[in-house]
Amino acid sequence: MLTGKQRSYLKGLANTIKPITQIGKQGITENFIHQLEEALEARELVKVHVLENSLMNAKEAASEVVQLTGAEFVQAIGNKFVIYRRSKENPKIHFPH
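Residues numbered from 1 in each chain as written. Predicted model: local features only at pLDDT ≥ 70, side-chain atom pairs only at ≥ 80, totals over all residues. Heavy atoms only, no water.

K.L.:
What's the story with the overall build of the chain in this structure? I'm lost.
P.N.:
For the chain, the helix and strand inventory stands at three helices and four strands. The C-alpha atoms of the chain give 13 Å as radius of gyration, which agrees with the globular expectation for 97 residues (13 Å, within 12%). Each principal axis of the C-alpha distribution contributes one length, and for the chain these read about 40 × 25 × 20 Å. Taking all 97 residues of the chain together, the buried fraction comes to 38%. Taking as baseline every contact in the chain between residues at least 6 positions apart, the subset at least 24 positions apart corresponds to 69%. (Helix = DSSP H or I, 4+ residues; strand = E, 2+ residues; numbered from the N terminus. Rg over C-alpha atoms; globule rule 2.2 N^0.38 Å. Buried < 20%, exposed > 50% of the residue type's maximum accessible area, 1.4 Å probe, protein only. Contact = heavy atoms within 4.5 Å.)

Rendered as structure tokens:
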């Protein structure tokens, strides 16, 4: 579980990253989750774009994705959301104390 301070730190890092994947009208598919799992392991912090033709909004999509991937919700702004999961193999993000 992220503390408020950790979440704030991640929000700051998320400002500079671009969405690497998107959710469209097909919604959250097995393939999408597989892609996201790999991205989380490689990057830890991932931004996702929810397209307008999707049947979900960003918060609904983020909630489902977090449950399926075991990631932590960081933020949702407009039609994008950010999630974080510490890498098992190669942790990159180190929180300030």
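K.L.:
I'm lost on the sheet that holds strand β1 (residues 21-23) in this one. Help?
P.N.:
Strand pairing in a sheet is mediated by backbone hydrogen bonds. Such pairs are either parallel or antiparallel. Overall, mixed pairing links the four strands, which are arranged β1-β2-β4-β3 in an open sheet. Edge positions in the open sheet fall to β1 and β3 (72-77), since each of these has one partner strand only. When the angles between neighbouring strand axes are averaged without regard to direction, this sheet yields 25 degrees. In the sheet, strand β2 (residues 45-50) pairs with strand β4 (residues 80-84) via five bridges, with the strands oriented antiparallel. Pairing of Val 48 across the sheet is with Phe 81, part of β4. Sheet contacts for helix α2 (residues 30-43): β1, β2 and β4; angle to β2, the most-contacted strand, approximately 150 degrees. (Pairing = 2+ DSSP bridges. Axes fitted to C-alpha atoms, helices over the stretch in contact; angles between N-to-C directions.)

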